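Examining the three-dimensional arrangement
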Amino acid sequence: MDLSDREKERYRRQLTVPLWDQSLLRSSAVFVAGVGGLGGTSALYLALAGVGRIRIVDRDRVSVSNLNRQILFDEKSLGQLKVEEAGRRLRAANPHITIETSSETIDRGSLVRLAADMSLLVDGLDNVESRFVLNEYSVQNQVPYLYGAVRGWQGMVGLFHPPRTACLACFLSENRETPSPVPVFGCLPGTIGLIQATEALKYIMGLAPSLLGRLLIYDGRDMTFDPVEVAKNPACPVCSGRAA
Amino acid sequence: MIIFFKAGSELRHRLNPDVDYYTRRVEADPGKSVKDILKDLGLDPAFVAFVYVEGKVKNLDYVPSEGQTITLQPPVSGG
């Protein structure tokens, strides 16, 4: 790995972290679906850590109600495409990496192209339907899916890599109704996004143990972290019948 | 048989805890699923996405055993 003197200085404090492998981070490509509360937080810390290529996708524009939690935006961002604002901020945060942006809607058709050469899918989405699209892509293409979600005081993170592990549809139903807009305060997606970023960096560097095949359920009001195992569901409508 | 339902912040007000801040003691018929026990308590299972028991995720068809604690997890879908 040929780091410039500037990069060596930038990453100096993390290069001495035990088992840290900057070359693996530099050669990796991570897809971040959504750059709101979750995805904005994880994308920022992946960029700061030196992940070589980050592709962010979000179709939304910045609205004033985003500003209680979405750290890549401010009052001057209002009305702008999130990916343009986020891209500008991430490039400024670390000019030594590549930030790719798209404002396309994430659906089954577009995802095949948008995530084609990515080695990890990071979930920064805000709805169940899009998460199931991401999960299906993960199952069909055997690309690991770093799930994250928040509501109220609670959030959860999980890393799924079918067919080695369960998938999202093994334990969640797409049809489950949730209130819209989902209640959320800024610290919560920040906390969950940071855990996602930590797990993403560990995955890229091949560091176990991880949340692979598990969920970490966080309750900010009670300040509890419950790790729970997710078994493969033999009747899963998405991943059952696929050989490990 | 006696089981215990536990719920975090979002579901706690529906559960009416009586053991501690999180937990409700429930007398349930052996062989009944979590979904049916919730209905017997007047709790709508639609508020629960899944449960976890002894560190493992289960669906609402799970049949608890005597003395188990079942944590109820509401849907979490924001970002």
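Quick note: structure is the one above.
As a further point, take the overall build of chain A. If you tally the helices and strands in chain A, you get eight helices and eight strands. In terms of overall dimensions, chain A is globule-like: its C-alpha atoms have a radius of gyration of 17 Å, near the 18 Å expected for 244 residues. Structurally, chain A occupies a C-alpha span of about 55 × 40 × 40 Å along its principal axes. Per-residue burial over chain A gives 48% buried out of 244 residues. Pairs at least 24 residues apart make up 70% of the contacts formed inside chain A by residues separated by at least 6 positions.

Bringing the environment of A:Thr191 into the picture now. Residue and element names in this part refer to chain A. With respect to the secondary-structure elements, Thr191 resides in helix α8 (residues 187-204). The exposure class assigned to Thr191 is partly exposed, which follows from the 18 C-beta atoms found within 10 Å. Thr191 sits 149 residues away from Ser42 along the chain, and the two C-alpha atoms are 9.6 Å apart. Not counting residues within four places of it along the chain, the set of residues in contact with Thr191 comprises Gly155, Tyr218 and Gly220.

The partner chain B presents 15 residues to the 34 residues of chain A that form the contact. The set of elements that each furnish at least two residues to the side of chain A that touches chain B consists of α4 (37-49), β5 (145-151), β6 (154-160), β7 (214-219) and β8 (224-229) of chain A. Broken down by class, the residue content of the side of chain A that touches chain B amounts to 17 nonpolar, 10 polar and seven charged.

Take α8(A) next. Residues and elements named next belong to chain A. With 18 residues, α8 extends 26 Å between its outermost C-alpha atoms, agreeing within 8% with the 26 Å of an ideal straight helix rising 1.5 Å per residue. Of all the 18 residues making up α8, 13 are buried; the element is thus mostly covered by neighbouring parts of the structure. Gly206 occupies a position one or two residues after α8 and carries a positive phi of about 70°.

All names here are of chain A. Two numbers describe how α4 lies on α8: the axes approach to 8 Å, and their chain directions differ by 40°. By the criterion of interaxial angle, the relationship of α4 to α8 is oblique. Handedness of the crossing formed by α4 with α8: right-handed. Contact with α4, carried on its side by Gly37, Leu38, Thr41, Ser42, Tyr45, Leu46 and Ala49, involves Pro189, Gly190, Ile192, Gly193, Leu194, Gln196, Ala197, Ala200 and Leu201 of α8 and no other residues of that element. Looking at side-chain class alone, the contact of α4 with α8 contains 10 nonpolar, six polar and no charged residues.

Right, let's talk about the nonpolar core for a bit. Residue and element names in this part refer to chain A. Val30, Ala43, Ile54, Leu120, Leu121 and Ala200 are the most contacted members of the largest nonpolar core, which has 92 residues in total. Top element by residues in this core is α8. It accounts for eight residues. Excluding residues that lie within four positions of it along the chain, Ala43 makes contacts with Val32, Val35, Ile54, Ile56, Ala86 and Leu90.

Residue and element names in this part refer to chain A. Contact geometry for α4 and helix α5 (residues 82-93): axes closest at 9 Å, N-to-C directions at 25°. In this view, α4 runs roughly parallel relative to α5, as classed from their interaxial angle. In this structure, α4 meets α5 at a crossing whose hand is right-handed. Of the residues in α5, those in contact with Gly40, Ala43, Leu44, Ala47 and Leu48 of α4 are Ala86, Leu90 and Ala93. Looking at the contact of α4 with α5 residue by residue, the class counts come to seven nonpolar, one polar and no charged.

Turning our attention to unusual backbone geometry. Residue A:Pro162 is joined to A:Pro163 through a cis peptide bond whose omega torsion reads 5°. A:Ala208 connects to A:Pro209 through a cis peptide bond whose omega is 0°. Structurally, A:Pro209 is set in the loop between α8 and β7. Its identity as a non-glycine residue notwithstanding, A:Met223 has a phi of 50°, on the positive side. With respect to the helices and strands, the residue A:Met223 is situated in the loop between β7 and β8. Non-glycine residue B:Asn16 carries a positive phi angle of around 55°. Within the fold, B:Asn16 resides in the loop between α1 (9-15) and β2 (23-27). When the 12 C-beta atoms within 10 Å are taken as the criterion, B:Asn16 is described as exposed.

Glancing now at the environment of A:Gln80. Residues and elements named next belong to chain A. Secondary-structure assignment places Gln80 in the loop between β2 (53-57) and α5. Sequence separation between Gln80 and Arg53 is 27 residues, and the spatial gap between their C-alpha atoms is 23 Å. Sequence-distant contacts of Gln80, defined by excluding residues within four places in its chain, comprise Arg61, Val62 and Glu85.

Cut-off values and rules
Residues numbered from 1 in each chain as written. Chains lettered and ligands numbered in written order. Predicted model: local features only at pLDDT ≥ 70, side-chain atom pairs only at ≥ 80, totals over all residues. Helix = DSSP H or I, 4+ residues; strand = E, 2+ residues; numbered from the N terminus. Rg over C-alpha atoms; globule rule 2.2 N^0.38 Å. Buried ≥ 20, exposed ≤ 12 C-beta atoms within 10 Å, placed from the backbone. Contact = placed C-beta atoms within 7 Å. Nonpolar A, V, L, I, M, F, W, Y, C, P; charged D, E, K, R; others polar. Expected span 1.5 Å × (residues − 1). Axes fitted to C-alpha atoms, helices over the stretch in contact; angles between N-to-C directions. Parallel < 35°, antiparallel > 145°, perpendicular 65-115°, else oblique. Left-handed = near helix turned anticlockwise from the far one by under 90°. Core = buried A, V, L, I, M, F, W, Y, C linked by C-beta atoms within 7 Å.

Keep in mind these numbers describe shape, not what the thing actually does.
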